[in-house]
Each structure stands twice: as structure tokens, then as C-alpha cells.
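Below are the chains, spelled out letter by letter.
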Amino acid sequence: MEDQTSYLRELLAKPEWTDDECRWMLHYLEHTPATEMKTLLLDAFRERNIPAPDQALQNNLLERIHARMQPAPEAVVLPIRRNWWRVAAAVGGIAVMLGGGYLLLRQPQATQQLAGNTEVNAVQTDGNIAPGGNKARLVLGNGRTVVLDQTADGRIGEGNLHKKDAELVYASGEDAVVNGNNTLITPRGGQYRVRLSDGTKVWLNAASKLEYPVVFEGSERLVSLTGEAYFEVEADVQRPFFVMVDGMKVQVMGTKFNVNAYPEERQFTTTLLEGAVRVSSSKGQITLKPGQETAYSPKTNGLKQYEGDTESAVAWKNGIITFKNDELSAVMRDLGRWYDVDVAYEPGLDQLIHVSGAMRKQEDLLQALKILELTAGVHFTVEGRTVKVSR
């Protein structure tokens, strides 16, 4: 498994970056604590002027990085060189401590617990567990089930439905042969994409289910979701788009938003990136503007509105697992869904410890646990597909 230093070297040696690589570096720079090392990395990044496919994203995030940075503590100032290896040498010591993880944002209490002790003790008793991937099964209207990760690209069933590169693509209404509903189901450790017949794109996260018509008919477009999905809805003012979740409804005309509605979570969140959505329940409704978020309580049916964190909300779609001051138990539920593992806690252990950090979804389980050990001050033992958490 390549560590942080080699990955940074690889990126900065490239003449051009992919979208995912650009987002990773910018995410890394934005969330790394404000230190002189961050200043060196940021200056090296800007000085090299590596072209990024998404220039607007780059400019926006770099402005925010500068705005958030605090003056670095006094230290020996190293001259900036165009040769990345000088910067990488300075990073090397930090990378060893990180053990290949991409990012640590320590909470004060966790730092105190770990003072003078950076040893990582995640224990592997069986084979290491690989990260999730593009896995899903499709239930057709006739009841037939198709395991998509075991199905070759090409046409599926009798209708104009095709699979290509881990994505399902439905034909538009006038070209469709069959009607009825389909259901796309991702297991724990799986994710998948689908392009609906109206052109709407949906990214489905792990342990999620999306039910939708093969062809949208009538005056509205209606889908049902369990779990988490990111939507890019094709605009159609004559036919509003609805996402139905247990007790909650999201209405849109054409927009980009994320819905997190796992049944085991205390609240369901809807985060808006572009456009406008209306979230409603039996207790009322809230109309969101870009950058805003609602939280819905399944127990009370209540809705609350917040300023959202759009980058964190869709980080999973962009190949990053991120957590910002989140409870340890919530983080472990996310990891459990992605790595398909169960979690057992030592009796009396505080599951409400707040941790922050980020990592690539391609990391194996032990690597992810090493990052959490350093941020939360807990230890992990992996036995089969169970992660045991202890002090």
C-alpha cells in the first residue's frame, strides 16, 4: 500500500491530474492543520502550477485554504524549490507517523491522550479486509435479480437498459420497451451509479436501495430511497422530481443534492449543492438554498435547517471518507458499511468521542483504523469481519 509521501510525490510528478486526484490534493491542503509544513506544501503546489481539469474547483478551494490558514509558529524557514523531493523530504517524518494515512485532524483531548506515544496498535488477527467497490444487484420488474458486478457490460433484460463501466443507463421514455419499477440495491461494501430514463444521474452509497420506474409517466417523477445517494436531477419544470424517504419527502425541479437516510442513524440529512429543494414531513416543510442542509428526525418527524458542509456531504462520492468532529460510533457505522464489518465496543468505552480526519476509500481496513487510533486514542482488533474497539 503506497503511503502518503509516495502518493504526494506521484501527484506532483505528474504533468496533469485527473478530477479525483485534484480533489484529493485540494481536500488534503484544505483540511491539514495550519502549520509551516502546510505552507510549504501549498506554495509548492501553487508554484508548480499543475493544470487541473476542474479549474473553478481549484480556485475556489485555494482561496478558502488561504482564508482559513493561521500564521504558522516560528520555525526555521525552508526555501521553496521547484524540486518536489526537497519538500517531500521534510514531509517524510510526518508520513511515517501517519503510517500511510492521508490526513489527521486531532481533537485536543485525543492529542493529550497520545502525548509522547504515536505507536499504532491496530491488530490484524486474520486476513486484512479490502475496501468496498462497485457492487450492486438489480431487481427487475419481473422479479429477476441481476448481480451487476458479475455481469458483463451490455444490454440487460428485454428493455433498453445497458450496463457500462459500473453504471446502469436507461433509455429515454420514447425508446423504452418495458415499463414497471426497478430496484437497485448496494450491499455493505458496495456502491453504484445509475442514469434514469429522464437523464437524472444517481450515485448510490453502500448499504442503500433505490426504487424507481423504468420510464417516468404522468405529471411527476418519483423515486424511493433507503440509505444514501447523491442526485443530479435533470430539470423539467412540468414534472417535479421527488425523493421519498421514510416519513420525509424531497421535492426538486432540477438540482444537485445529497440525501443521507440510513435507518440506523438518528437523523436524515439533505444537503443542497445547486438549485433549490423543498424538504417536507408531517411537521412542516423547509426550502433550501445552495449550501444549506436539513436534518429530519424519524422519531419526531421534526425538521431543522443548518448551514451545510457540501464538500463533506459528497466526499464519499468523490472517493474520500471524511469525518469532521463526528462521534466515534457514527464514524464506525460509516466504516462498517463501506468495509462490510461489524463493530463491538469494550464495555464502558465512550462511543461519543469526537474525531476528525479523512482518507481515500481505496485504503484497506487496517490503514483506516490506524488513522482513527491516532485521532481518537482508542485501539482496534480485527477478528474475522468484526472490529473490536477498546481503550
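What counts and what doesn't
- Residues numbered from 1 in each chain as written.
- Predicted model: local features only at pLDDT ≥ 70, side-chain atom pairs only at ≥ 80, totals over all residues.
- Heavy atoms only, no water.
- 1 Å grid on protein atoms, 1.4 Å probe; cavity = no way out; pocket = protein on both sides within 12 Å on 5 of 7 lines; lining within 4 Å.
- Points joined across faces, edges and corners; volume = space filled by probe spheres on them.
- Helix = DSSP H or I, 4+ residues; strand = E, 2+ residues; numbered from the N terminus.
- Nonpolar A, V, L, I, M, F, W, Y, C, P; charged D, E, K, R; others polar.
- Buried < 20%, exposed > 50% of the residue type's maximum accessible area, 1.4 Å probe, protein only.
- Lys, Arg positive; Asp, Glu negative; His and termini not counted.
- Salt bridge = Lys/Arg side-chain N within 4 Å of Asp/Glu carboxyl O.
- Polar contact = N/O pair within 3.5 Å; in protein donor to acceptor, adjacent residues only side chain to side chain.
- Contact = heavy atoms within 4.5 Å.
- Expected span 1.5 Å × (residues − 1).
- Phe/Tyr/Trp six-rings, centres within 6.5 Å; stacked < 30°, edge-to-face > 60°.
- Lys NZ or Arg CZ within 6 Å of the ring centre and 35° of its normal.
- pLDDT = per-residue confidence, 0-100.
- Core = buried A, V, L, I, M, F, W, Y, C linked by side-chain atoms within 4.5 Å.
- Axes fitted to C-alpha atoms, helices over the stretch in contact; angles between N-to-C directions.
- Parallel < 35°, antiparallel > 145°, perpendicular 65-115°, else oblique.
- Pairing = 2+ DSSP bridges.

1. Description of the layout of surface pockets
If a probe the size of a water molecule is rolled over the atoms, the empty space left behind becomes visible. Here the largest pocket defines a volume of roughly 1,200 Å³. Around the largest pocket, the lining is made up of 38 residues, and of these N260, T269, D326, A330 and D334 lie nearest the centre. Elements that contribute at least two residues to the lining of the largest pocket include exactly β16 (256-261), β17 (268-274), β21 (303-307), α7 (310-313), β22 (320-327) and α8 (328-339). Grouping the amino acids of the lining of the largest pocket by side-chain chemistry returns 14 nonpolar, eleven polar and 13 charged.

2. Notes on the side chain of K361
If you trace the backbone, K361 turns up in the loop between β24 (354-360) and α9 (365-376). As a buried residue without a salt bridge, K361 has its nearest oppositely charged side chain in E228, at a separation of 8.0 Å. A polar contact of 2.8 Å, which involves the side chain of K361, links it to the side chain of Q191. K361 has contacts with P131, Q191, N205, W316, G319, I320, I321, W338 and Y339, leaving out every residue within four places of it along the chain.

3. Some points on α9
Spanning twelve residues, α9 covers 16 Å between terminal C-alpha atoms, matching the ideal 16 Å at 1.5 Å per step. Counting buried positions along α9 yields eleven of twelve residues, so the element is predominantly enclosed. Turning to α9, its buried residues are L365, L366, Q367, A368, L369, I371, L372, E373, L374, T375 and A376. Just beyond α9, the residue with positive phi is G377, at close to 70°.

4. Here's the deal with the packing of aromatic side chains
A complete count under the given rule lists six aromatic pairs for this structure. Between F231 and F257, the ring centres sit 5.0 Å apart and the planes meet at 10°, which makes this aromatic pair stacked. Of this pair, F231 sits in strand β13 (residues 221-232) while F257 sits in strand β16, and the two are 26 residues apart along the sequence. On the basis of relative accessible area, F257 is assigned to the buried category, the value being 0%. Through pairs of rings, three or more aromatic residues link up here, namely F216, F231, F241 and F257. Across from the ring centre of W203, 4.8 Å away, lies the NZ or CZ of K317, which sits over that ring. Its end group placed over the ring of W338, K361 keeps NZ or CZ at 3.9 Å from the ring centre.

5. Looking at the confidence of the model for the protein chain
Detailed conclusions should not be drawn from predicted coordinates in areas where pLDDT is low. In this model, the protein chain carries an average pLDDT of 77, and 66% of its residues clear a pLDDT of 70 or more. A low-confidence stretch, residues 61-121 stays under pLDDT 50, and its non-local contacts, those more than four residues away or across chains, total 124 contacts.

6. Let's talk about the nonpolar core
Counting 43 residues, the largest nonpolar core has L168, Y212, F231 and F257 as the members making the most contacts within it. In terms of residue count, the dominant contributor to this core is β13 (four residues). Setting aside residues up to four positions removed in sequence, Y212 forms contacts with L138, L168, Y170, G180, N181, N182, L184, V194, L196, L222 and V223. Core analysis: the next-biggest nonpolar cluster, separate from the first, contains 27 residues, V331, L365, V382 and V387 among them.

7. What to know about α8
For α8, built from twelve residues, the straight-helix expectation of 16 Å at 1.5 Å per residue is met to within 8% by its first-to-last C-alpha distance of 16 Å. By the criterion of burial, α8 is predominantly enclosed, with nine of the twelve residues buried. Of the residues making up α8, those classed as buried are L328, S329, V331, M332, L335, G336, R337, W338 and Y339. Just downstream of α8, D340 is the residue with a positive phi angle, here 55°.

8. Points about the packing of α8 against α9
α9 packs onto α8 with a crossing angle of 170° between their chain directions and a minimal axis gap of 12 Å. Considering their axes alone, α8 and α9 lie roughly antiparallel with respect to each other. For the pair α8 and α9, contact is made by V331, M332, L335 and Y339 and by L365, A368, L369 and L372, respectively. Here the residues of the contact of α8 with α9 sort into eight nonpolar, no polar and no charged.

9. Topic: the pattern of salt bridges
Opposite charge on two side chains allows them to pair when their charged atoms are near. Tallied over the full model, the rule gives 15 salt bridges. Close ionic contact of E265 with R333 constitutes a salt bridge, the shortest N to O distance being 2.9 Å. In this pair, E265 sits in the loop between β16 and β17 while R333 sits in helix α8, placing the two residues 68 residues apart along the sequence. Two residues, K324 and D309, come together in a salt bridge whose shortest N-O distance is 2.7 Å.

10. Some remarks on the pairing of strand β26 (residues 386-390)
Burial of β26 is one-sided: the residues V387 and V389 facing one way are buried, the residues T386, K388 and S390 facing the other way are not. Where strand β23 (residues 342-345) meets β26, four bridges bridge the pair, whose relative direction is parallel. Looking across to β26, one finds that V343 is bridged to V387. One ladder, built from five bridges, connects strand β25 (residues 379-383) with β26; its direction is antiparallel. Each bridged residue has a counterpart across the sheet, and for F380 the counterpart in β26 is V389. In textbook terms, the turn of a hairpin is the stretch between consecutive antiparallel strands, and for β25 and β26 this stretch comprises two residues, one of which, G384, has a positive phi near 65°.

11. Some remarks on the environment of L366
With respect to the element layout, L366 can be found in helix α9. The buried category is assigned to L366, whose relative accessible area is 9%. Taking the C-alpha atoms as reference, L366 lies 8.2 Å from V382; in sequence the two are 16 residues apart.

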